[in-house]
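# Residue-level structure breakdown
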There are 2 protein chains.
Amino acid sequence: MPVATAEDRMLEIDTRPVVLDQYTVDETGRSGQRPRGLVYPTGVDDVVAVVEWAREHATPLIARGAGTSLEGHLLARGDELIVDLSQSNKILDVAAEDFTATVQPGVTRTQLNTAAAEYGLQFTVDPGADASLGGMAATNASGTTTVRYGGMRANVLVLQAVFADGTVTRLGRAVRKSSSGYDLKDLLIGSAGTLGLITELTVRLHPIPEWIHSLRISFPTVPDAVDTAVEMLGLALPVSRLELVDAPSMAAINAFRGTCYAEAPALFVDIESSSAAAVTANEGEIQRIAHAHNAIEVATARTHGDRYALWEDRHNLYFAVKASNPGRRFLITDTAVPYSRIAGAVDTATRLGHELGLNITVAGHIGDGNVHTIVPYNEDEYPGAQVFSDLVVRHALEVGGTATGEHGIGLTKKKYLREEHGSGVDLMVAVKRALDPLGLFNPGKVLDVEPD
Amino acid sequence: MPVATAEDRMLEIDTRPVVLDQYTVDETGRSGQRPRGLVYPTGVDDVVAVVEWAREHATPLIARGAGTSLEGHLLARGDELIVDLSQSNKILDVAAEDFTATVQPGVTRTQLNTAAAEYGLQFTVDPGADASLGGMAATNASGTTTVRYGGMRANVLVLQAVFADGTVTRLGRAVRKSSSGYDLKDLLIGSAGTLGLITELTVRLHPIPEWIHSLRISFPTVPDAVDTAVEMLGLALPVSRLELVDAPSMAAINAFRGTCYAEAPALFVDIESSSAAAVTANEGEIQRIAHAHNAIEVATARTHGDRYALWEDRHNLYFAVKASNPGRRFLITDTAVPYSRIAGAVDTATRLGHELGLNITVAGHIGDGNVHTIVPYNEDEYPGAQVFSDLVVRHALEVGGTATGEHGIGLTKKKYLREEHGSGVDLMVAVKRALDPLGLFNPGKVLDVEPD
C-alpha cells in the first residue's frame, strides 16, 4: 500500500501483521491493538504525503520517535497508521555561534550531544532514556538538569510541524525571546502528537561548564534532605542537578553495585561554575548547609572520572530496583508538588506503600518538586499498585501539584485532567477541535474529543 | 450605567466624555477613539459581571493595567469598554517556602518586589516601566534580567482568567513543571487580552543573590562589545544583566548626567554569585575577556551604592536621549535577532539612521539578542522615522529574528505577523475564533479576525 510523496517516490506502508504486532506492546508492557499500518518518513515531504493520505483514507496517525513513552502515548486503538520517525534523524545544522541546533524529530538526545560537544556545547534536557527530540517535545520532557536549564519548552525555539490540512508551518523563531503573536510553539510542546506532526526542531544549546563538582550526601530523614535542597536553592547556588533518593533506593543500589553507602535518604547534587575558585566556594557552601541539616555522610567527586562513578549509582537506580524485585513489572509515578509539599509527598508514598504491602522506592528531581516512585508488582499485586498510583496522584493534586511532572497524560492519566484543570479542559477541547477538526492526530490521547 | 456583580453590588460604568478622553492617547502619544465606557473591577467577580454585561450588550472589552504599552494595545476603536484593572491590586499571598506569590493583575512589579524583599526574594522580570503584572503577562514582557531569569512565560506558573462565556478558569499549576494537558497558560501570555481577561497570577520569586558585581566596559567598536558578551555567555558566566549601549547613547548620558565616560560602545553587566570568592573570580574572568577584546575603560561597582550609581546611568538613558532632543517625540524599535546577527543589526540601524538623517541611539538587552533603537522625531521627521522602523524590522526578519522581542504586536506591528509566522497566522486565527467566537476581547489587536 504505497503513499506518493512530493518527491515522486513511493513511501511504502507496511501492513504485515508480524511487523505491526511489535507495535502493540509499549516499553511499560501495556498493550493496545494492532495498528492498521506503519510508515517510515525520512523528511517533511514524506510527512505531508502521509497526512494527505491519512485525510483521504480517514486514517488517524500516531507519531512515534524512540518509543520510550511511559504513559501509553503510542498504543493504537486499531485503525491508526504508525508514523515512525526514527529514520527522520538528520542533524541539519549546529549554529555554534548562536548556541542553537536544528534537527529532524528522530534525532536522539545523545546523538545531538555528540555533535554539539565538538563545539563545547550541550543539549541539556535529560529524561534518562535516549529519547528522540520530537518525542521529547511531544511530551514536554525534562529530567535531571531541569532545575537549572528548564525542560523542553525552555529549550525548543522553533518547531516545524505538519497540520491537519497538510500545511507545513514553523512555530516560533530562532531567537532568545519574542512577543510576536500567540505562543503556538509551546502549545504544540506537550500536546503528544494530537495537534500536528513535528518534522523539525531548532533547540538551544548551552556551554559545557568547565567546573562541576558532584556530591552525594546522606541524611537521617527525608525532611533533612529536602530542607538542605531548598536552602541551596534559596541561596541561589548554581545547582544543575538536585536529586533525592530514599533509603530503600540506597539499599537497592548497595545490593546491585556492591557498595556500602549509608542506607539513608540521600541527595545527589551537581554544582557548576565558571572558575575553580567559584566551584570550590560553592561546594563548601553546600557542605556547610548539609551539615547544618544533620548530614551523615558527604562524598565529593571533583574529576570527570569520579563524577561519572558517582552518577552511575543514580543512573542505575532503575536496574538496581529491578534486580531486587526479580520477576516483577514496574509502574512509575510522576507527580510534581510545590517545594513545601515534597517531604509530605515522599512520606505519603512511603506510608501508602507499607499499607498496601508494596516494596516501593522513591526518587525524584526534587529541584523541580518532581517525585517519582517505582512500584514493583506481580499479577497479584497489580490492583494494589493501581490503587497506590491513584492515591499518590490524588494526594499531589490536593496539595496543588500535578499528575505528571514530565511523562505526560498519554492514555493512562486522562482521568485526572478535569481534577487538575477544571474548565481548562473545555478550552483544551476547543483548541483540539480548532486545529484537528477531523481527529487525525493521535485520537484518544490527552483528551477525549469526538471529531465534528 | 451600572453592571450588577455577583456580590450584589453595582459596578458603575463611567461614560463621562471628559474622563474617557484621557484614554484616547497612550504613553507613546498615539491616539485612538473615545471608548464607550470605563469600569474599575476590584476582583474576579466584578470581571465576570463585566464579561457577562459585555456579551449581552455586544460591547468588546480592552483590559488595561498600568497603561505602559508601547504598541497601541490599549487604544480603542470607539465601541469598547475599558476594563481598568489598576484597582484590582492586592497581593493575595507570598508563599516564601515555595518561592511563589499570588497577586491580582493590577499589582505592579515594584509593589510585588517590596513585598517579596521581606523574605529575601525578588520578582525578576524588569521591563523598565513600573508595569502591572497582568499587563506584563499580556505582552509577555521581559527586560534587563531575562538573560538569566527568563521573561514572563518562565516566571508565571498560573493564570486565572475569565473567558468569553464568563467561565473563570485557572491555567497551569503552581509547580516547577508539568506535562499535563495543553499549555494554555503560555498561550494566554503574550495574547494581549485578546483571548480572555487575566484576573490573578501565581508567579515565581527568586532569591536575591548575596553577591553582585556590576561593570561598565567601553570598547572601540560594537563588534568588540558583542564578541565580549557572547564569549561571557559561552563560558557560562552567571551574568544576570547584559546591556549594550552605543556611542551616541553614551554621549547623551554624559550630557545629561555631567559625566565624562568614553563616548564609545559600552556593555553594562551584572554578575551574580553565592559567595565573595565566586563573584570575585567571575568578575576577574569578565575583565580578562573584555581586555582580550580591546576594552578601553572598565568601571567596577561592588557595593550596593556604587552599583546603584552605575545602573542609574543606564536607567536614565531614555531621559538623557529626551534631553538631547528637545521638543521631539520618540519611537522605539524592539527587534530580537540571533547572537551572530546582533552586530549586523546595530550596524544596519546606525547606517539607516545616518541615511535618513535621524539622530538615533541604540541600546539593547543583548544577552537576549534584543536590540532597541530610540528614534527622536518632529512632525517633519515622522515619515522618515516610520521608514526607519520598517526597515529595521524587515532586516531583523530577514536574518531570522522577530519584529518584537518584548513590547508585543499590539496595533502597530500587525503588518509583520504574516512575514514572521507564515501560515502560523491561520492557526492563530483558528485559536482566536475557538476561544473568543464573539470577538469580545481587544478586537483588532495582534490579529485581524472578524467574529463568526
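What you are looking at is a predicted structure, and each value in this text was computed from that prediction instead of being measured. (Residues numbered from 1 in each chain as written. Chains lettered and ligands numbered in written order. Predicted model: local features only at pLDDT ≥ 70, side-chain atom pairs only at ≥ 80, totals over all residues. Heavy atoms only, no water.)

## Some words on unusual backbone geometry
Trans is the prevailing form of peptide bonds, just as negative phi is the prevailing case for residues other than glycine. Residue and element names in this part refer to chain B. Stated formally: Numbering of helices and strands runs from the N terminus, with a helix taken as a DSSP run of H or I at least four residues long and a strand as a DSSP run of E at least two residues long. Accessibility here uses a 1.4 Å probe with only protein chains present; expressed as a share of the type maximum, an area under 20% marks a residue as buried, one over 50% as exposed, and anything in between as partly exposed.
Positive phi, normally seen in glycine, also occurs at Ala192, with a value near 60°. Mapped onto the elements of the fold, Ala192 is located in the loop between helix H7 (184-188) and strand S11 (197-204). Looking at Ala192, the relative accessible area reads 7%, which means it is buried. In this structure, Ala236 is a non-glycine residue whose phi angle is positive, near 60°. When you line up the elements, Ala236 lands in the loop between helix H8 (222-234) and strand S14 (239-245).

## Looking at the nonpolar core
Test applied: Throughout, nonpolar core names a set of buried Ala, Val, Leu, Ile, Met, Phe, Trp, Tyr and Cys residues whose side chains join them through atoms within 4.5 Å. Any two residues whose heavy atoms approach within 4.5 Å are treated as being in contact.
Counting 173 residues, the largest nonpolar core has A:Met152, A:Leu267, B:Met152 and B:Leu267 as its most contacted members. If sequence neighbours within four positions are ignored, B:Met152 has contacts with B:Phe123, B:Val125, B:Leu133, B:Met136, B:Ala137, B:Asn140, B:Ala141 and B:Ile189.

## Brief notes about the pairing of strand S5 (residues 81-84) of chain A
Residue and element names in this part refer to chain A. Note the cut-off: Strands qualify as paired when DSSP identifies two bridges or more between them.
Here S5 shows no split at all, with Leu81 and Val83 on one side and Ile82 and Asp84 on the other all buried. Strand direction decides the pairing type here: strand S4 (residues 61-64) and S5, joined by 4 bridges, are parallel. Note on S5: the bridge partner recorded for Leu61 is Leu81.

## As for the relation of the copies chain A and chain B
Note the cut-off: In this comparison the copies share one frame, found by least squares on the C-alpha atoms of residues holding pLDDT of at least 70 in both.
Of the transformation superimposing chain A on chain B, the axial component is 0.0 Å and the angular component is 180°, with the fit at an RMSD of 0.0 Å. Both copies of the chain, as the preceding transformation shows, are related through a two-fold rotation axis. Of every C-alpha in chain A, the one belonging to A:Ala278 sits nearest the axis of rotation, 1.9 Å from it. Most of the interface of chain A is mirrored in chain B, where 99% of its interface residues again form contacts.

## Side note on the environment of B:Asp270
All names here are of chain B. Using the following cut-off: Pairs of N or O atoms within 3.5 Å make up the polar contacts considered here, provided that, within protein, one atom can donate a hydrogen while the other can accept it, and that residues adjacent in sequence are counted only when both atoms are side-chain atoms.
Its place among the elements puts Asp270 in strand S15 (residues 266-273). Assessed through its relative accessible area of 1%, Asp270 is described here as buried. Separated by 196 residues in the primary sequence, Asp270 and Leu74 have C-alpha atoms spaced 34 Å apart. Once you skip the residues sitting within four places of it in the chain, Asp270 turns out to touch Ile212, His213, Ser214, Pro238, Val239, Ser240, Arg241, Arg307 and Trp311. A polar contact of 2.5 Å, which involves the side chain of Asp270, links it to the side chain of Ser214. Of note is the side chain of Asp270, whose polar atom sits 2.9 Å from the side chain of Arg307.

## Thoughts on the sheet that holds strand S4 (residues 61-64) of chain B
Residues and elements named next belong to chain B. This is how it is decided: For helices, the fitted line uses only the C-alpha atoms of the stretch in contact; every axis is such a line through C-alpha atoms, and the angle between N-to-C directions lies from 0 to 180 degrees.
Strand order in the open sheet formed by 3 strands is S3-S5-S4, and the pairing between neighbours is parallel. Two strands lie at the open edges of the sheet, namely strand S3 (37-39) and S4, each paired on one side alone. On average, adjacent strands in this sheet sit at an angle of 25° to one another, irrespective of strand direction.

## Quick word on the packing of helix H8 (residues 222-234) of chain A against helix H10 (residues 276-292) of chain A
Residue and element names in this part refer to chain A. Rule in force here: We call a crossing left-handed when the near helix sits turned anticlockwise from the far one by less than a right angle, and right-handed when that turn is clockwise. Think of it as three bins: nonpolar holds Ala, Val, Leu, Ile, Met, Phe, Trp, Tyr, Cys and Pro, charged holds Asp, Glu, Lys and Arg, and polar takes everything else, Gly as well.
At a closest axis distance of 9 Å, the pairing of H8 and H10 adopts a crossing angle of 145°. The crossing of H8 and H10 is right-handed. Residues Thr228, Glu231 and Met232 of H8 form the contact with H10, whose own contacting residues are Ile286, Arg288, Ile289 and Ala290. Class assignment of the residues belonging to the contact of H8 with H10 gives a composition of 4 nonpolar, 1 polar and 2 charged.

## A few points about the confidence of the model for chain A
Spelled out, the test is: The predictor rates its confidence in each residue with pLDDT, a number between 0 and 100.
In this model, chain A carries an average pLDDT of 96, and 98% of its residues clear a pLDDT of 70 or more. Predicted complex metrics record ipTM = 0.97 and pTM = 0.97.

## Focus: the sheet that holds strand S10 (residues 168-171) of chain A
Residue and element names in this part refer to chain A. Pairing is antiparallel in the open sheet, where 5 strands are placed in the order S6-S7-S11-S9-S10. Each end of this open sheet is capped by a strand with a single partner; those strands are strand S6 (91-95) and S10. Shown here is a sheet whose adjacent strand axes are inclined to one another by a mean of 15°, direction ignored. Two elements, S6 and strand S7 (residues 100-103), share 4 bridges in a ladder whose sense is antiparallel.

## A few points about the interface of chain A and chain B
Heads up, the rule is: Accessible-area loss on putting two parts together, using a 1.4 Å probe and summing over both, is the definition of buried area adopted here. Each salt bridge in this description consists of a side-chain nitrogen of Lys or Arg and a carboxyl oxygen of Asp or Glu lying within 4 Å of one another.
Of the residues lining the interface, 81 residues belong to chain A; the matching set on chain B comes to 80 residues. Carbon and sulfur atoms supply 58% of the area buried between chain A and chain B, which totals about 6400 Å² over both sides. Considering only the surface of chain A that becomes buried against chain B, A:Arg173, A:Lys177 and A:Tyr182 emerge as the three largest contributors, covering 15% of it. Applying the counting criterion to the chain A and chain B interface returns 6 salt bridges. B:Asp368 is the partner of A:Lys177 in a salt bridge, and the nearest nitrogen-oxygen pair spans 3.1 Å. Taken together, chain A and chain B are joined by 43 residue pairs in polar contact (both at pLDDT 80 or more). Residue assignment for the side of chain A that touches chain B shows that the elements contributing at least two residues are S10, helix H7 (184-188), H8, H10, helix H15 (417-421) and helix H16 (424-435) of chain A.

## Topic: the packing of H10(A) against helix H10 (residues 276-292) of chain B
The criterion, for reference: Roughly parallel here means an angle under 35 degrees, roughly antiparallel means over 145, roughly perpendicular means 65 to 115, and every remaining angle is called oblique.
Where H10(A) contacts H10(B), the two axes come as close as 8 Å, and the packing angle between them is 165°. The orientation of H10(A) relative to H10(B) falls into the category roughly antiparallel. The chirality of how H10(A) crosses H10(B) is left-handed. Along the contact surface, H10(A) presents A:Ala277, A:Ala278 and A:Ala281, while H10(B) presents B:Ala277, B:Ala278 and B:Ala281.

## Focus: helix H14 (residues 382-398) of chain B
All names here are of chain B. Inclusion rule: Multiplying 1.5 Å by the helix residue count minus one yields the expected span of that helix.
An ideal rise of 1.5 Å per residue puts 24 Å on 17 residues; H14 measures up with 24 Å between its terminal C-alpha atoms. Listing the buried residues of H14 in full gives Gly384, Ala385, Phe388, Ser389, Val392, Val393, His395, Ala396 and Leu397. Those residues of H14 hidden inside the fold are in contact with strand S17 (329-332), strand S18 (335-336), helix H13 (342-355), strand S20 (370-377) and helix H15 (417-421). Looking one or two residues past H14, Gly400 carries a phi angle of roughly 90°, positive in sign.

## Observations regarding the pattern of salt bridges
Residue and element names in this part refer to chain A. Going through the model one piece at a time under the given rule, you end up with 52 salt bridges over all chains. Taking the shortest distance from any N to any O, the salt bridge between Asp14 and Arg16 comes out at 2.7 Å. Arg241 is the salt-bridge partner of Asp126, the closest N and O atoms lying 3.6 Å from each other. Here the residue Asp126 occupies a position in the loop between strand S8 (121-122) and helix H4 (133-139), and Arg241 occupies one in strand S14 (residues 239-245), the gap between them amounting to 115 residues. Residues Asp126 and Arg241 agree in their burial class; the two are buried.

## Quick look at empty space enclosed by the protein
Residues and elements named next belong to chain A. Rules: The pocket and cavity definitions rest on a 1 Å grid over protein atoms only: a 1.4 Å probe that fits but cannot leave marks a cavity, an open set with protein on both sides within 12 Å along at least five of seven lines marks a pocket, and residues lining either have an atom within 4 Å of a point. Grid points are joined across faces, edges and corners, and a volume is the space filled by probe spheres set on the points.
Applying the stated criterion to the full structure yields 8 cavities of 30 Å³ or more. Of the voids in this model, the second largest cavity is the one considered here, and its volume is about 70 Å³. Along its surface, the second largest cavity is lined by Thr333, Thr335, Val337, Ala345, Thr348, Ala349, Val371, Thr373, Val392, His395 and Ala396. Secondary structure elements with two or more residues in the lining of the second largest cavity: helix H13 (342-355), strand S20 (370-377) and helix H14 (382-398). A breakdown of the residues in the lining of the second largest cavity according to their chemical character gives 6 nonpolar, 5 polar and no charged.

## Concerning the side chain of B:Asp246
Residues and elements named next belong to chain B. Counted only if it meets this: The convention is simple: Lys and Arg are positive, Asp and Glu are negative, and His and the chain ends are not counted.
Note on placement: Asp246 falls in the loop between S14 and helix H9 (247-257). The charged side chain of Asp246 is buried without a salt bridge, its nearest counter-charge being Arg314 at 10.0 Å. Once residues within four sequence positions are removed from consideration, Asp246 is found in contact with Ala264, Pro265, Thr361 and Val362.

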